[in-house]
Amino acid sequence: MTTRTRLYSLEELNDIPGTRVFTALRSRQAYHLHKFCMSLMDATNRDAFKADEAAYLDRFRMSVEQKQAVLDRDFNKLIDLGGNIYFLVKLSNTDGWSAQRAVGSMTDMTPDEYAAMMRAGGRSIQGNRSIRGKN
Amino acid sequence: MAKITAGIATSHVPAIGAAFDMDKTQEEYWKPVFDGYEWVKEFQKTEDPDVVILCYNDHASAMMLDVVPTFALGCAEEFEPADEGWGARPVPTVVGDPVFASHLAEQLVIDEFDLTLMNHMDVDHGLTVPLSLMFGKVPEWPVRVIPLAINVTQFPTPSAERCWQLGAAIRDAVKSYPAGLNVQIWGTGGMSHQLQGPRAGLINPEFDNAFLDKLSDRTDELRKITRLEFVRESGTEGIELIMWLIMRAALGDKVEELHRFYHVPASNTAVGHIVFRPVD
């Protein structure tokens, strides 16, 4: 067998604080959630979703948890359930949220606090590199 | 013979597109961002390129659900702006160049890059925001565009080195095209930003500015940056910077830096922009 080069263990990707790396397996777990998100690229579908969110979600083979997290607009939960932000913003765009509001909702800050942090230069890398290294 | 005459990199934040479309460019928050692109808009008037090879990523608008191509080349006559959940951007249809795109596809596959070829796709803010920044509000885009979509979303993305090698192959493929075209190559996305989870809002100006500094003549160091290091240091979406390396490699060994701009923030993102001239 050829020895293949691996520069680091994939486990290392779990060592970044407050971060989930979107993988092929996550993509598959969120397939129907993402199919729902991409359906919102059509104005007719957006209207149907807004008219009756739960009924619209039942058109998709999403898990009960995924449907509830959509109804709750719980983006951290949606990411835990396999979601990726580029799909999920179709939902926040449908709601008329800015991307900053959607993204900021995943932190422990209010929208105003998050906006202020960004204006002040964003979240520092110090202490946010590695869970293990605490740096 | 076709020739790459300039390489341009820029971030492609959707909020920049929204501010542009809603005429907010002179507002206090946005003015510093748009002022950073006044230079390049003048530059483009004199450069007048025929075709742009535009490296960008699709944000789950035309791909990433049913198919996840690592490198996808747009071969169509035209590409419509995508509806990303609030209606399509009110910008012109993007006109392609199927003959040149087919040439690139042939040459690149022969050179071992197993591209996905897209005969139909819509293009999202990743492609249209850079066009707005380079050309402003126009009734039609003054260039033909060959979209080159790179997977920077689903791990593993292509490596920095792989992107570099693709850029080098693009350089040769352009050179071997018989028509006398003035070609630019753009790398888009970045700079540091993270759009998910409790670490959202991450900005790393030291990483970004070192990347800009090394992009002229210390590219060996940039090619060695691992996916892990990109995500760790520049955020889950900061890894978009690998697309800048395709652009830079397509310019050859030596370049002259003509213009640079860096600003924090635009929405969640550090904005970077740089313009190079290849030196033969």
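- As named in an unreviewed UniProt entry, chain B is Protocatechuate 3,4-dioxygenase, taken from Croceibacterium xixiisoli.

- Looking at an unreviewed UniProt entry, chain A carries the name Protocatechuate 4,5-dioxygenase subunit alpha, with the source organism given as Croceibacterium xixiisoli.

## Quick word on the overall build of chain B
Part 1 of the reasoning: Assigned secondary structure in chain B consists of ten helices and ten strands.
Part 2 of the reasoning: Taking 19 Å as the expected radius of gyration for a compact globule of 280 residues, we find that chain B reaches 17 Å, a close match to that expectation.
Part 3 of the reasoning: Burial statistics for chain B: of 280 residues in total, 66% are counted as buried.
Part 4 of the reasoning: Of the contacts made within chain B by residues no fewer than 6 positions apart, 81% connect residues no fewer than 24 positions apart.
Part 5 of the reasoning: Side-chain charges in chain B split into 22 positive and 41 negative, and the spacing between the mean points of these groups amounts to 7 Å.

## Remarks on the pairing of strand β2 (residues 51-56) of chain B
Residues and elements named next belong to chain B.
Part 1 of the reasoning: Burial analysis of β2 places six of its six residues in the buried class, which makes it a mostly covered element.
Part 2 of the reasoning: Of the two faces of β2, the one lined by V51, I53 and C55 and the one lined by V52, L54 and Y56 are each fully buried.
Part 3 of the reasoning: As judged from the five bridges shared by β2 and strand β8 (residues 182-188), these two strands associate in the parallel manner. From the neighbouring strand, I53 faces β8, where its bridge partner is I185.

## A short note on helix α5 (residues 64-72) of chain A
All names here are of chain A.
Part 1 of the reasoning: The complete set of buried residues in α5 reads Q66, K67, A69 and V70. For α5, the arc enclosing every buried residue in end-on projection is 165°, short of the 170-degree limit, so these residues lie on one face.
Part 2 of the reasoning: Taken together, the buried residues of α5 touch α1 (24-29), α2 (31-39), α3 (43-51), α4 (53-57), α6 (75-80) and α7 (85-94).
Part 3 of the reasoning: In the segment just after α5, R73 is the residue with positive phi, at about 50°.

## A closer look at the interface of chain B and chain A
Part 1 of the reasoning: Opposite the 45 residues of chain B that make contact, chain A presents 50 residues.
Part 2 of the reasoning: Across the interface of chain B and chain A, roughly 4100 Å² is buried in total on both sides, 58% from carbon and sulfur atoms.
Part 3 of the reasoning: When the area that chain B buries against chain A is broken down by residue, the three leading residues are L65(B), F155(B) and R232(B), summing to 17%.
Part 4 of the reasoning: Linking chain B with chain A are four salt bridges, by the criterion used here.
Part 5 of the reasoning: Where D83(B) meets R46(A), a salt bridge forms, and the shortest distance between an N and an O atom there is 3.0 Å.
Part 6 of the reasoning: Applying the counting rule to chain B against chain A returns 29 residue pairs in polar contact (both at pLDDT 80 or more).
Part 7 of the reasoning: Residue assignment for the side of chain B that touches chain A shows that the elements contributing at least two residues are α9 (227-234) and β9 (255-266) of chain B.
Part 8 of the reasoning: In terms of residue count, α9(B) provides more of the side of chain B that touches chain A than any other element does, five residues in total.

## Focus on the pattern of salt bridges
Part 1 of the reasoning: One pass over the structure, following the stated rule, counts 24 salt bridges over all chains.
Part 2 of the reasoning: A salt bridge links K45(B) to E42(B), with the shortest nitrogen-to-oxygen separation between them at 3.0 Å. Pair noted here: K45(B) and E42(B) are both in helix α3 (residues 38-47), with a separation of three residues, about one helical turn.
Part 3 of the reasoning: Across the pair D97(B) and R144(B) runs a salt bridge, and its minimum N-O distance is 3.0 Å. Of this pair, D97(B) sits in the loop between β5 (94-95) and α4 (98-110) while R144(B) sits in strand β7 (residues 144-150), placing them 47 residues apart in sequence.
Part 4 of the reasoning: Among the residues examined, R144(B) registers a relative accessible area of 30% and is labelled partly exposed.
Part 5 of the reasoning: Through salt bridges that share partners, E12(A), D15(A), R132(A) and R232(B) make up one connected network.

## Topic: unusual backbone geometry
Part 1 of the reasoning: With omega at -5°, the peptide bond leading from F155(B) into P156(B) counts as cis.
Part 2 of the reasoning: Here P156(B) is to be found in the loop between β7 and α6 (160-175).
Part 3 of the reasoning: Of note in the backbone geometry, R73(A) takes a positive phi value of approximately 50° without being a glycine.
Part 4 of the reasoning: Secondary-structure assignment places R73(A) in the loop between α5 and α6.
Part 5 of the reasoning: At D23(B), a position not held by glycine, the phi torsion is positive, near 55°.
Part 6 of the reasoning: Secondary-structure assignment places D23(B) in the loop between α1 (14-21) and α2 (31-35).

About the thresholds
- Residues numbered from 1 in each chain as written.
- Chains lettered and ligands numbered in written order.
- Predicted model: local features only at pLDDT ≥ 70, side-chain atom pairs only at ≥ 80, totals over all residues.
- Heavy atoms only, no water.
- Helix = DSSP H or I, 4+ residues; strand = E, 2+ residues; numbered from the N terminus.
- Rg over C-alpha atoms; globule rule 2.2 N^0.38 Å.
- Buried < 20%, exposed > 50% of the residue type's maximum accessible area, 1.4 Å probe, protein only.
- Contact = heavy atoms within 4.5 Å.
- Lys, Arg positive; Asp, Glu negative; His and termini not counted.
- Charge placed at Lys NZ, Arg CZ, Asp CG, Glu CD.
- Pairing = 2+ DSSP bridges.
- Arc of directions from axis to C-beta.
- Buried area = accessible area lost by both parts, 1.4 Å probe.
- Salt bridge = Lys/Arg side-chain N within 4 Å of Asp/Glu carboxyl O.
- Polar contact = N/O pair within 3.5 Å; in protein donor to acceptor, adjacent residues only side chain to side chain.

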